[in-house]
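Letter by letter, the chains look like this.
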Amino acid sequence: MTQVKVQPASNVTLVVDRSAQGPTGPAGTNGAPGPTGPTGATGQGLQLQGTVATPADLPATGTPGEAYYVTSTGSVYIWSN
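Everything quoted here is computed from the prediction, not taken from an experiment. (Residues numbered from 1 in each chain as written. Predicted model: local features only at pLDDT ≥ 70, side-chain atom pairs only at ≥ 80, totals over all residues. Heavy atoms only, no water.)

Engineer: Can you tell me about the overall build of the chain, naming the residues and giving the values?
Structural biologist: Along its length, the chain carries 0 helices and 3 strands. Overall, the chain shows an N-to-C arrangement of helices and strands of β-β-β. When burial is assessed residue by residue, the chain has 7% of its 81 residues classed as buried. Considering only contacts within the chain whose residues lie at least 6 apart along the sequence, 3% involve residues at least 24 apart. Accessible surface for the chain amounts to roughly 7400 Å². Of this, 53% is attributable to carbon and sulfur atoms. (Helix = DSSP H or I, 4+ residues; strand = E, 2+ residues; numbered from the N terminus. Buried < 20%, exposed > 50% of the residue type's maximum accessible area, 1.4 Å probe, protein only. Contact = heavy atoms within 4.5 Å. Areas by Shrake-Rupley, 256 points an atom, 1.4 Å probe, with all protein chains shown as cover.)

In structure tokens:
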């Protein structure tokens, strides 16, 4: 390490010559778990309304929480708004 002393109100430009980066060191140990956070609000849930063959068969409108299983995709579609 080199120590540089700079007088107040001096104009100094410090140039650091970097060599090639060395290898990555070993990973450190994990810290202790943090405290448990507060309990969140209860979600709206969902109500499974039925099964349709394709996404094109889903109803045009719905109420948040209503869900349909689409057999062609294996997905559940849920109305969010």
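Now, onward.
Engineer: Describe the sheet that holds strand S1 (residues 47-52), listing the residues and the values that go with them.
Structural biologist: If you trace the 3 strands from one edge of the open sheet to the other, you get S1-S2-S3, paired in mixed fashion. Every other strand in the sheet has two partners, leaving S1 and strand S3 (75-78) as the edge strands with one partner each. Adjacent strand axes in the sheet meet at a mean angle of 25° when their direction is disregarded. In this sheet, S3 lies alongside strand S2 (residues 66-70) in antiparallel orientation, the contact comprising 4 bridges. Paired with Tyr68 across the bridge in S3 is Tyr77. (Pairing = 2+ DSSP bridges. Axes fitted to C-alpha atoms, helices over the stretch in contact; angles between N-to-C directions.)

Engineer: Residue-level account of a nonpolar patch on the surface, with values.
Structural biologist: On the surface, a cluster of nonpolar side chains totalling about 460 Å² of accessible area is made up of Leu46, Leu48, Tyr69, Val76 and Ile78. With respect to the helices and strands, the residue Leu46 is situated in the segment before S1. Leu46 gets classed as partly exposed once you look at its relative accessible area, which sits at 48%. (Patch = residues over 30% accessible without salt bridge, like charges linked within 9 Å, V, L, I, M, F, W, Y side chains within 5 Å. Salt bridge = Lys/Arg side-chain N within 4 Å of Asp/Glu carboxyl O.)

Engineer: Tell me about the pairing of S2, and please be specific about residues and values.
Structural biologist: Most of S2 sits out of view: 4 of its 5 residues are buried. Linking S2 back to S3 in an antiparallel pair, the connection comprises 4 residues, with Gly74 at a positive phi of about 70°.

Engineer: How would you sum up the side chain of Glu66? Please name residues and give values.
Structural biologist: Mapped onto the elements of the fold, Glu66 is located in strand S2. Residues within four places of Glu66 in sequence aside, it is in contact with Gln47, Gln49, Tyr77, Ile78 and Trp79.

Purely spatial values, then, with no claim about function.
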